[in-house]
Amino acid sequence: MKKNIALVAMAAFAVGAQAADWSDTAMTYRQGSKYAEPFNTQDISKQIIGLTHVSGYKYGSNFFNADMLFSDKNDPASDTSSAGAQEVYVVYRNTVDLEKVTGKPFKTTGVRGLGVTGGFDFNTKTDAGYNS
């Protein structure tokens, strides 16, 4: 799990490496007691810590979101401890505006511009049921 946390931190710093014209970053904490997992009829309590960042720069925009979820014992971890499972979900997207890069307009009826988007999704969970 420490390796996953390090990967999330490195991705967050990579997002901030470009000079942003504008940006917004938020850290969140959520807690709930009625979460569910497939093939588990018990209510699961989870604590969720989140980091979200969105920014725009000269040629496009960035979006980054990372959530770390900590379940109670009703969603057990794959090891022999009585602790609950831990999950990490990370999403990153970068959109490049082709008009800003090429200097050529891509406007037609109903279309304001054209962009190319790339990115990645990453998730892992230390649960006993799926051991994903």
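Computed from a predicted structure; not experimentally measured.

Engineer: Could you give an account of the sheet that holds strand β3 (residues 60-71), naming the residues involved and the relevant values?
Structural biologist: Strand order in this open sheet of five strands is β1-β2-β3-β4-β5, and the pairing throughout is antiparallel. Unpaired on one side and paired on the other, β1 (22-37) and β5 (115-125) mark the two borders of the sheet. Strand-to-strand twist across the sheet, computed as the mean angle between neighbouring axes with direction ignored, equals 10°. When strand β2 (residues 40-57) meets β3, the two strands line up antiparallel, connected through twelve bridges. Directly across from I48, in β3, lies its bridge partner L69.

Engineer: Describe the nonpolar core, with residues and values.
Structural biologist: Taken as a class, soluble globular proteins show a tendency for nonpolar side chains to be buried jointly. Core analysis: the largest hydrophobic core is formed by six residues, namely F64, A66, M68, V88, V90 and Y92. Of all elements in the fold, only β3 and β4 (86-97) reach the threshold of two or more residues within this core.

Engineer: Could you give an account of the environment of V54, with specific residues and numbers?
Structural biologist: Checked against the element boundaries, V54 lands in strand β2. Along the chain, V54 and D24 lie 30 residues apart, while their C-alpha atoms are 5.4 Å from each other. Setting aside residues up to four positions removed in sequence, V54 forms contacts with W22, S23, D24, N62 and F63.

Engineer: Account for the side chain of S71, with residues named and values stated.
Structural biologist: Relative to the assigned elements, S71 resides in strand β3. Polar side-chain contacts of S71 include one of 3.1 Å to the side chain of D75. Setting aside chain neighbours within four positions, we find S71 in contact with I44, S45, K46, G84, A85 and E87.

So, how was this worked out
Residues numbered from 1 in each chain as written. Predicted model: local features only at pLDDT ≥ 70, side-chain atom pairs only at ≥ 80, totals over all residues. Heavy atoms only, no water. Pairing = 2+ DSSP bridges. Helix = DSSP H or I, 4+ residues; strand = E, 2+ residues; numbered from the N terminus. Axes fitted to C-alpha atoms, helices over the stretch in contact; angles between N-to-C directions. Core = buried A, V, L, I, M, F, W, Y, C linked by side-chain atoms within 4.5 Å. Buried < 20%, exposed > 50% of the residue type's maximum accessible area, 1.4 Å probe, protein only. Contact = heavy atoms within 4.5 Å. Polar contact = N/O pair within 3.5 Å; in protein donor to acceptor, adjacent residues only side chain to side chain.

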